[in-house]
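Listed below, chain by chain, are the residues.
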Amino acid sequence: MTRIRQPLIAIRNKIRLALVAICLSFLAFTASAAAAEFDVSLHEMQSLLRAGDFDALEKILTGLEEAYEAGEISDTKLEHAHYAFGSADPDLESSFSDWIKARPQSHHPYLARGIYHRYLGWMLRGADLPQRTPDERMALMTGHFELAASDLTTVLERKPNSGLAYSFLVDISLAVGRRDILDTLLRAGLKADPNSFTLRRRYFGALTPWWGGGRTSNKDRLSALGNFVLGAQNQQYPVRVTDSMRSFTREIVLDAPSNPALQPLRGYLDFSVAEILRRNGRNLDAIKYYDKAIASGDYWYFRYQEGKNYYWMERYRDAIASYDRALELWPDNPGTLERRAQAYRRLELYNKANADLDLALSLDPKNPDLLREKAYTLRDSGRYEEAVSVLDDAFIYGEFDDFIWDARGRLYLYELKDPKRAIPDLKRTTELDPANQRYWSNYGRALYAARDCKAVDAFKKYLAVCPRFGNDCRESSMKFAREVIEYMSHPGHCGN
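Residues numbered from 1 in each chain as written. Predicted model: local features only at pLDDT ≥ 70, side-chain atom pairs only at ≥ 80, totals over all residues. Heavy atoms only, no water.

Asker: What's the story with the nonpolar core in this structure? I'm lost.
Answerer: Note that soluble globular proteins tend to have their nonpolar side chains buried in a common cluster. In terms of nonpolar packing, the biggest core is built from 138 residues, with Leu49, Leu57, Phe85, Phe96, Trp99, Phe204 and Tyr462 touching the most fellow members. If near-sequence neighbours (up to four positions away) are discounted, Leu49 is found in contact with Phe54, Leu57, Phe85, Leu92, Ser95, Phe96 and Trp99. (Core = buried A, V, L, I, M, F, W, Y, C linked by side-chain atoms within 4.5 Å. Buried < 20%, exposed > 50% of the residue type's maximum accessible area, 1.4 Å probe, protein only. Contact = heavy atoms within 4.5 Å.)

Following this line, the structure appears as structure tokens:
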């Protein structure tokens, strides 16, 4: 009897487990299906803004806010919808003004315009280190951030519980060096909006070492990222993790059981470790920690950065798979489309790359990074004149972006064989980044090809900056520079 009963009990337990699994799967499906109802098309949002259909915009955004406040969705859905307004398009400015005039009491147009200026601020600032960023770019960034902060403050006057507005104020305060008010913004924001994912996520980003360390002690404020790799290690992580990062992770773990939407943030510490490793060239080691972060919650940004890690490992198909998943979690994100296009280009899948870039540019039409990637894709597929035409648009917001001048100058020099047209662009690169040896080399080659004696000074400068870059300066290039200097300095050429 016992021998018969034990298998029956085991079968019954398996059936119960199966039923539980089915129920959980059903609940997960219905929850994701319900959340999917609140996925808003970025194209639709921009189309409504351009058409001046402010009633429709107000209805969509109010519906998302109500769903979030009722606990039906995470505020990431609200954040994603608002990113339609973060676009490099000067024509949108008047649309925001019209929206404010049409709905003077609404907080929505102020939030939208604040996100717009915040986006332009970051784009105009560029991704380089502060000490390598031209003053003009920093001034442009500051100007847009001031406009954004003013609009976001107006939002909080009208809707005091907007965690989204607080999150963007954290982001701006970090960018302009106001670390002293980050804690105040966090605590005020969480008091007003205790369930905000976006506020916690941006604050956690401020604790990462590439932003200068943490909030709790001076020892955390390390300016050199390498210190986090070379410093004291522990059994859990292969890099140094600050007390502030651990402390905030514990806060999130305590909050997550009552707020499942925060679950992915439990993996932000592992994600940060992965990023430290990636930024120090330990790409293979980083994979494990991206996996651990994703296991906590399949967040689009984890997938996006995982894709970048694979890209720099030249594992382009793995990168595309990561970007595919990121786009499932946040459809039509222009930044992710750009990165996937980059990987497609490396695989010479130019049609797919162009399709992604065209979709991204339909949302972010004058973004210099997108336009540069579009130009590279056209260049690599032999469409040189089209590539130059695309880059002409990039100067609307990329006037102080050395990468844009470099891309067009090299197109003129190497693909179109027109050194005279290349010279002004390549000269500009040396003005924007005088420590870059490659810029001096290209400028010197353009001058030499045009038989311009200024090539001597350009190549002398190239040789002067080369020692700072070690093996980055190839011996063949330095040899060529010396030969040009000797040749053009000879009497009868450029010599006296």
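Asker: When you look at the packing of aromatic side chains in this model, what are you seeing that I'm missing?
Answerer: For any two aromatic rings, the description comes down to two numbers: the centre-to-centre distance and the angle of the planes. Applying the stated criterion to the full structure yields 31 aromatic pairs. Between the aromatic rings of Tyr83 and Phe168, the centroid separation amounts to 6.3 Å while the plane-to-plane angle is 55°, which identifies the pairing as tilted. Linking Tyr83 in the loop between helix 4 (75-82) and helix 5 (92-102) with Phe168 in helix 8 (residues 163-175), this pair joins segments that are 85 residues apart in sequence. Overall, the relative accessible area of 18% leaves Tyr83 in the buried class. Its guanidinium or amino end placed over the ring of Tyr448, Arg451 lies 4.9 Å from that ring's centre, counting from NZ or CZ. (Phe/Tyr/Trp six-rings, centres within 6.5 Å; stacked < 30°, edge-to-face > 60°. Helix = DSSP H or I, 4+ residues; strand = E, 2+ residues; numbered from the N terminus. Lys NZ or Arg CZ within 6 Å of the ring centre and 35° of its normal.)

Asker: Looking at this structure, I do not really get the pattern of salt bridges. What am I missing?
Answerer: Pairing is possible between side chains of opposite charge, provided their charged atoms come close. Scanning all chains against the criterion turns up 35 salt bridges. For Glu69, the salt bridge goes to Lys159, with nearest N and O atoms at 2.7 Å. Placement of the pair is Glu69 in helix 3 (residues 54-69) and Lys159 in the loop between helix 7 (135-158) and helix 8, with a sequence separation of 90 residues. Residue classification places Lys159 among the buried positions, given a relative accessible area of 14%. Arg340 is the partner of Asp356 in a salt bridge, and the nearest nitrogen-oxygen pair spans 2.7 Å. You can see Asp356 sitting in helix 18 (residues 350-363) and its partner Arg340 sitting in helix 17 (residues 334-346), a full 16 residues away along the chain. The class for Arg340 is buried, based on a relative accessible area of 15%. Residues participating in the shared-partner salt-bridge network are Asp298, Arg303, Glu306, Arg325 and Glu328. (Salt bridge = Lys/Arg side-chain N within 4 Å of Asp/Glu carboxyl O.)

Asker: How should the environment of Asp39 be read in this particular structure?
Answerer: By the secondary structure assignment, Asp39 is in the loop between helix 1 (2-36) and helix 2 (42-51). Measuring from C-alpha to C-alpha, the distance between Asp39 and Leu329 comes to 9.8 Å, with 290 residues separating the pair along the chain.

Asker: Explanation requested: the state of the cysteines in the structure shown.
Answerer: What we call a disulfide is simply a covalent bond connecting the sulfur atoms of a pair of cysteines. Within the structure shown, the criterion is met by 1 disulfide. Here Cys466 pairs with Cys473 through a disulfide, and the sulfurs are 2.1 Å apart. The S-S bond linking Cys466 to Cys473 shows a torsion near -95°; that makes this disulfide left-handed. Here Cys466 falls in the buried class, since its relative accessible area comes to 2%. The exposure class of Cys473 is buried, given its relative accessible area of 5%. (Disulfide = S-S within 2.5 Å.)

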